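Take a look at the letters that make up each chain.
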Amino acid sequence: MNRINQKLKENKKLLSIYFSAGFPKLDDTVSIIENLEKNGVDMIEIGLPFSDPLADGPTIQASSTQALKNGMTTNVLFNQLKDIRKTVSIPLILMGYFNPMLQYGVEAFCKKCQDIGIDGLIIPDLPVDVYNEKYKAIFEKYGLINVFLITPQTSVERINFIDSISNGFIYMVSSASVTGSSSGFGEAQTNYFKRIADMNLKNPQIIGFGISDSETFKQATKYAKGAIIGSAFIKHLKSEGVTKINNFTSLILR
Amino acid sequence: MKYNINNKGYYGDFGGAYIPEMLYPNVEELRLNYLKVMQEPSFKEEFNQLLKDYVGRPSPLYFAKRLSKKYNTKIYLKREDLNHTGAHKINNTIGQILMAQRLGKKRIIAETGAGQHGVATATVCALMGMECIVYMGEIDIARQAPNVARMKMLGAKVVPALSGSKTLKDATNEAIRDWINNPVDTHYIIGSVVGPHPYPDMVARFQAVVSEEIQWQLQEKEGKSTPDYVIACVGGGSNAAGAYYHYLENTNVNLIAVEAAGKGVNSGKSAATSALGKEGIIHGSKTLLMQTNDGQITEPYSISAGLDYPGVGPMHAHLFKTGRAEFVSVTDDQAMTAGLELCELEGIIPAIESSHALAVFGHKTFKPDDIVVLSLSGRGDKDLDTYINHFKL
Ligand SMILES: Cc1ncc(COP(=O)(O)O)c(C=O)c1O
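The model shown is predicted, which means the values in this text are computed figures rather than measured ones.

**Points about the interface of chain A and chain B**
Interface size is often expressed as the accessible area that is lost when the parts come together. Counting residues at the interface gives 38 residues for chain A and 34 residues for chain B. For the chain A and chain B pair, buried surface summed over both sides reaches about 2,700 Å², with 54% attributable to carbon and sulfur atoms. On the chain A side of the contact with chain B, A:Asp52, A:Leu54 and A:Gln103 bury the most area, a combined 22% of that side's loss. At the boundary of chain A and chain B, one finds 3 salt bridges. Among the salt bridges present, the one from A:Asp52 reaches B:Lys169, with a minimum N-O distance of 2.8 Å.

Okay, here's the thing in structure tokens:
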């Protein structure tokens, strides 16, 4: 069974962390992943940096830009990760924009992911219908779970469709925003969390965007299976470096 | 329809809507409504009325006698430079502001490079009393100061794009992020035939008035509605799309697309997308774009801010791939020289974008009885500083 599905079966709320590969230093990738696992993180989204990350706010944009300046490329990342399964057993997801993947070759990319032991992909600008028509068979051939996003504006009909073609979890974007924007969740958001929870979808939901501390983590996981932290973790990496990851995770999980 | 869009939003292999889910409701709303709205009699009436009384259409189709004599062929200039605000961009912004109103939107966002589209957007927002926010790269703000001032006078808020290369592509990213953050009441007026479907098609339809007029104007002047050639510069491709539109399927009409070679196609400082680009995705559209082997979008360069874009619209990618249009690239120097020549021969100061199209006459020989229509997409007022610096005037 795919590690993501296994993890989702565990009887606990899941903490998932996003970071941009190649930031702060080009070669930090593996030690960040190992440290996150050691400190109780359940799942990791490894960001493949892109020059034009449309769905990201300033923090992730800046870390992507820095990572590219440091020399990060698709090949470099695959190389860094080639032995990752010798030391790390939690689910690993690659998150990136579609163009770099397209240039690598979608099938070659998926095959490489399988070889390395990547469990899933999140590609915000690969639309659901294009995936369904053109790429689903390839992703499945290489055992990869593709994760789709929903937002407060996504219609019930479309949520049901996305649920029907998903086979891992649904990434629930907490509010209509790019990454790293909001501070705390208001009534509109909790209503939305409740509304989706009440739909009893076949796939569990993990909430992302705007989760930054134990407070927002608790609020989100009250309604969902887990939550994803990105920008707040990148800020921590920037100021504290890769050695003090436990300071961050212990604050969230306390 | 071999060259125009199909019902799935693609021109051949190009187009589509490669957008994050956060944009889906807005783009889908537009996709479902744009053709319906454009066909409403009240929409058509208001659009045509504004084009006539506010923009000053039809724009003249001017027989350029001295230029024709010099190049020994028959050259007509389609005078989009005489439109209100000085370029073809206003045809699209008038159309889109009416669309935004019909969709109940209250707030308008736009991106701009040279500032022409920003000014055209700020203008229609003032006309309709709507809030207007224009994203513009920090570098472009510095090099296009008069247009920044115009936008401000027209009541728009100009927000600097500080990410990436701080030029047009980054301004477009920022506008898209704004739209993600404001999914309900905002309409994004894209300035060219780029972006996710239905934008390329919608913008092309608003610009199609250009070739619609060329058809009857040529009929009056030449007794036939089709020229032998249509020449236009291509940044994103909207003035070209407008000038080609009604001739796309008529292969007796040769289409010439002119891209900015900057300091030379292979100099590393160029915006010649068809020569340097590969298929990929930029701003929600599958098209040709300049990128690294690794799929990172590269920084273009052109002396002309309006052509300084690393992609082309999906229609143009298709016209290139099928060979329907001939693509030519013109350097900064060639364009500047051609621009000055038009001043001297015809008393018209062209936008540097349009000067790129004019430089084709130095590259390519036409027959004496060929009818060549050139899209003079804009006037050169905004470019005076660049002309002055270039020629040490
Ligand atoms: C006068 C003029 N011509 C051409 C362009 C290029 O845009 P497009 O290729 O969409 O016509 C611009 C863009 O700013 C412009 O201002």
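**A look at empty space enclosed by the protein**
The rolling of a water-molecule-sized probe over the atoms marks out the regions of remaining empty space. Residues and elements named next belong to chain B. Across all of its chains, the model carries 5 cavities of 30 Å³ or more by this definition. Roughly 370 Å³ of internal volume is contained in the largest cavity. In terms of lining residues, the largest cavity is bounded by 31 residues, among which Lys89, Leu168, Gly191, Ser192 and Gly306 are the most central. For the lining of the largest cavity, the elements supplying multiple residues, two or more each, are strand 5 (107-112), helix 5 (116-128), helix 8 (168-181) and helix 11 (238-244).

**With respect to the domain arrangement of chain B**
Residues and elements named next belong to chain B. When cut into domains, chain B gives domain 1 (20-50 + 89-203) and domain 2 (56-87 + 208-391). Taken together, the two surfaces of domain 1 and domain 2 that pack against each other cover about 2,200 Å², and 58% of this comes from carbon and sulfur. At the surface where domain 1 touches domain 2, the tally comes to 2 salt bridges. At the boundary of domain 1 and domain 2, one finds 10 residue pairs in polar contact (both at pLDDT 80 or more). Mapped by element, the contributors of at least two residues to the side of domain 1 that touches domain 2 are helix 4 (89-102), helix 5, helix 8 and helix 9 (199-207). Sort the elements by how many residues they give to the side of domain 1 that touches domain 2 and helix 8 lands first, with 5 residues. Considering only residue class, the side of domain 1 that touches domain 2 consists of 11 nonpolar, 12 polar and 4 charged.

**Describing unusual backbone geometry**
Omega for the peptide link from A:Phe23 to A:Pro24 comes to -5°, which places this bond in the cis form. Inspection of the secondary structure assignment puts A:Pro24 in the loop between strand 1 (14-20) and helix 2 (29-38). In this structure, B:Pro58 follows B:Arg57 across a cis peptide bond, with omega equal to 0°. Position of B:Pro58 relative to the elements: it lies in the loop between helix 2 (41-55) and strand 3 (61-63).

**Digging into helix 7 (residues 145-153) of chain B**
Residue and element names in this part refer to chain B. Residues Asn147, Val148 and Met151 constitute the buried set of helix 7. Around the axis of helix 7, the buried residues are gathered within 105° of arc, so they sit on the same side. Those residues of helix 7 that are exposed and aimed more than 90 degrees away from the buried face are Lys152 and Met153. Close packing links the buried residues of helix 7 with strand 5, helix 5, strand 6 (131-137), helix 6 (138-143) and strand 7 (157-161).

**What to know about the packing of aromatic side chains**
If you walk through the whole model with that rule in mind, you get 24 aromatic pairs over all chains. Between A:Phe50 and A:Tyr97 the ring centres are 5.5 Å apart and the planes differ by 25°, which places this aromatic pair in the stacked class. Placement of A:Phe50 in the loop between strand 2 (43-48) and helix 3 (58-70) and of A:Tyr97 in the loop between strand 3 (92-96) and helix 6 (98-104) is noted, with a sequence separation of 47 residues between them. Assessed through its relative accessible area of 7%, A:Tyr97 is described here as buried. Site record: aromatic cluster; members linked through ring pairs are A:Phe185, A:Tyr192, A:Phe193 and A:Tyr223. Here the guanidinium or amino end of B:Lys269 rests over the ring plane of B:Tyr301, the centre of that ring lying 4.5 Å away.

Each value, and the rule that gives it
Residues numbered from 1 in each chain as written. Chains lettered and ligands numbered in written order. Predicted model: local features only at pLDDT ≥ 70, side-chain atom pairs only at ≥ 80, totals over all residues. Heavy atoms only, no water. Contact = heavy atoms within 4.5 Å. Buried area = accessible area lost by both parts, 1.4 Å probe. Salt bridge = Lys/Arg side-chain N within 4 Å of Asp/Glu carboxyl O. 1 Å grid on protein atoms, 1.4 Å probe; cavity = no way out; pocket = protein on both sides within 12 Å on 5 of 7 lines; lining within 4 Å. Points joined across faces, edges and corners; volume = space filled by probe spheres on them. Helix = DSSP H or I, 4+ residues; strand = E, 2+ residues; numbered from the N terminus. Domains from an automatic or database assignment. Polar contact = N/O pair within 3.5 Å; in protein donor to acceptor, adjacent residues only side chain to side chain. Nonpolar A, V, L, I, M, F, W, Y, C, P; charged D, E, K, R; others polar. Buried < 20%, exposed > 50% of the residue type's maximum accessible area, 1.4 Å probe, protein only. Arc of directions from axis to C-beta. Phe/Tyr/Trp six-rings, centres within 6.5 Å; stacked < 30°, edge-to-face > 60°. Lys NZ or Arg CZ within 6 Å of the ring centre and 35° of its normal.

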